[in-house]
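# Structural characterization, general
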Amino acid sequence: AGSGPVVVLPIYARCTMSCPITTNMLVGEAAKMTSAKPYRVVIFSFDPTDDATALRHFRADKHLPSTWLLLRSNPEGVRRFCDFFHFRK
């Protein structure tokens, strides 16, 4: 729903290495785009063990805007999502 570009960031909510770094970089870059055209951000956990609680903690810990979507799926949904973007986990 909506228009404009969509930024998609695949993460593991419990990751302690690259996921927090790329998320922090996205937060910083998004702060610079306040006057730009509308865009949406989807942060997608491709860890099938991440649950709603893990995503809530990730949002709070990273101070993510409430307008950003944080999503998770079952293993089949994760595979379809990754295949669509030709992303190999």
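Preceding block: the structure.
All values reported here derive from a predicted model rather than from experimental measurement.

## Describing the side chain of K62
Mapped onto the elements, K62 comes out in helix α2 (residues 52-62). With near-sequence residues (within four places) excluded, K62 lies in contact with P20, T23, N24 and V27.

## Topic: helix α1 (residues 18-32)
Taking 1.5 Å per residue, 15 residues should reach 21 Å; α1 reaches 21 Å between its end C-alpha atoms and fits that length. Listing the buried residues of α1 in full gives C19, P20, T23, L26 and A30. Seen from one end, α1 has its buried residues packed into an arc of 125°, which puts them on one side. The exposed set on the far side of α1, more than 90 degrees from its buried face, consists of I21, M25 and K32.

## Examining the pairing of strand β2 (residues 40-45)
Here β2 lies mainly inside the structure; five of its six residues are buried. As judged from the six bridges shared by strand β1 (residues 6-11) and β2, these two strands associate in the parallel manner. Among the inter-strand pairings, L9 is bridged to a residue of β2, identified as I43. Pairing of β2 with strand β3 (residues 69-71) involves three bridges; the strand directions are parallel. Residue pairing across strands places V42 opposite L69, the latter belonging to β3. Handedness of the crossover joining β2 and β3 through α2 is recorded here as right-handed.

## Remarks on the pattern of salt bridges
What the rule picks out here adds up to five salt bridges. R14 is the partner of D50 in a salt bridge, and the nearest nitrogen-oxygen pair spans 2.6 Å. Of this pair, D50 sits in the loop between β2 and α2 while R14 sits in the loop between β1 and α1; the two residues are 36 residues apart in sequence, bridging distant segments of the chain. Across the pair D61 and K62 runs a salt bridge, and its minimum N-O distance is 2.6 Å. Under the relative-accessibility criterion, K62 is labelled buried at 14%. Members of the salt-bridge network, linked through shared partners, are R14, D50 and D51.

## Looking at the nonpolar core
Within the largest apolar cluster, 14 residues are counted, with the highest numbers of intra-cluster contacts made by I11, A13, I43, F58, L64, W68 and L70. Elements that contribute at least two residues to this core include exactly β1, α1, β2 and α2. Each residue touching W68, except ones within four places of it in the same chain, is listed here: L26, V27, A30, V41, I43 and R59.

Conventions adopted
- In this convention, every chain numbers its residues from 1, walking through the sequence in written order.
- Side-chain atom pairs in this predicted model are given and counted only at pLDDT of 80 or more, local residue features only at pLDDT of at least 70, and totals for whole chains, interfaces and linings cover all residues.
- Side-chain numbers here rest on the full set of heavy atoms in the structure, without hydrogens or water.
- Strands here mean DSSP runs of E at least two residues long; helices mean DSSP runs of H or I at least four residues long; both are numbered from the N terminus.
- Should any heavy atoms of two residues lie within 4.5 Å, those residues are counted as being in contact.
- In this analysis, the expected span of each helix is defined as 1.5 Å times one less than the number of residues it contains.
- The cut-offs for exposure are 20% and 50% of the maximum accessible area for each residue type, with area from a 1.4 Å probe on protein chains only; residues under the lower value are buried, those over the upper are exposed, and the others partly exposed.
- Arc definition: directions from the helix axis to the C-beta atoms.
- Pairing between two strands requires that DSSP report at least two bridges joining them.
- Look down the strands so they point away from you; if going from the first strand over the helix to the second traces a clockwise path, that crossover is right-handed.
- Think of a salt bridge as a Lys or Arg side-chain nitrogen and an Asp or Glu carboxyl oxygen that are within 4 Å of each other.
- To define a nonpolar core, start from buried Ala, Val, Leu, Ile, Met, Phe, Trp, Tyr and Cys residues and group those joined through side-chain atoms within 4.5 Å.

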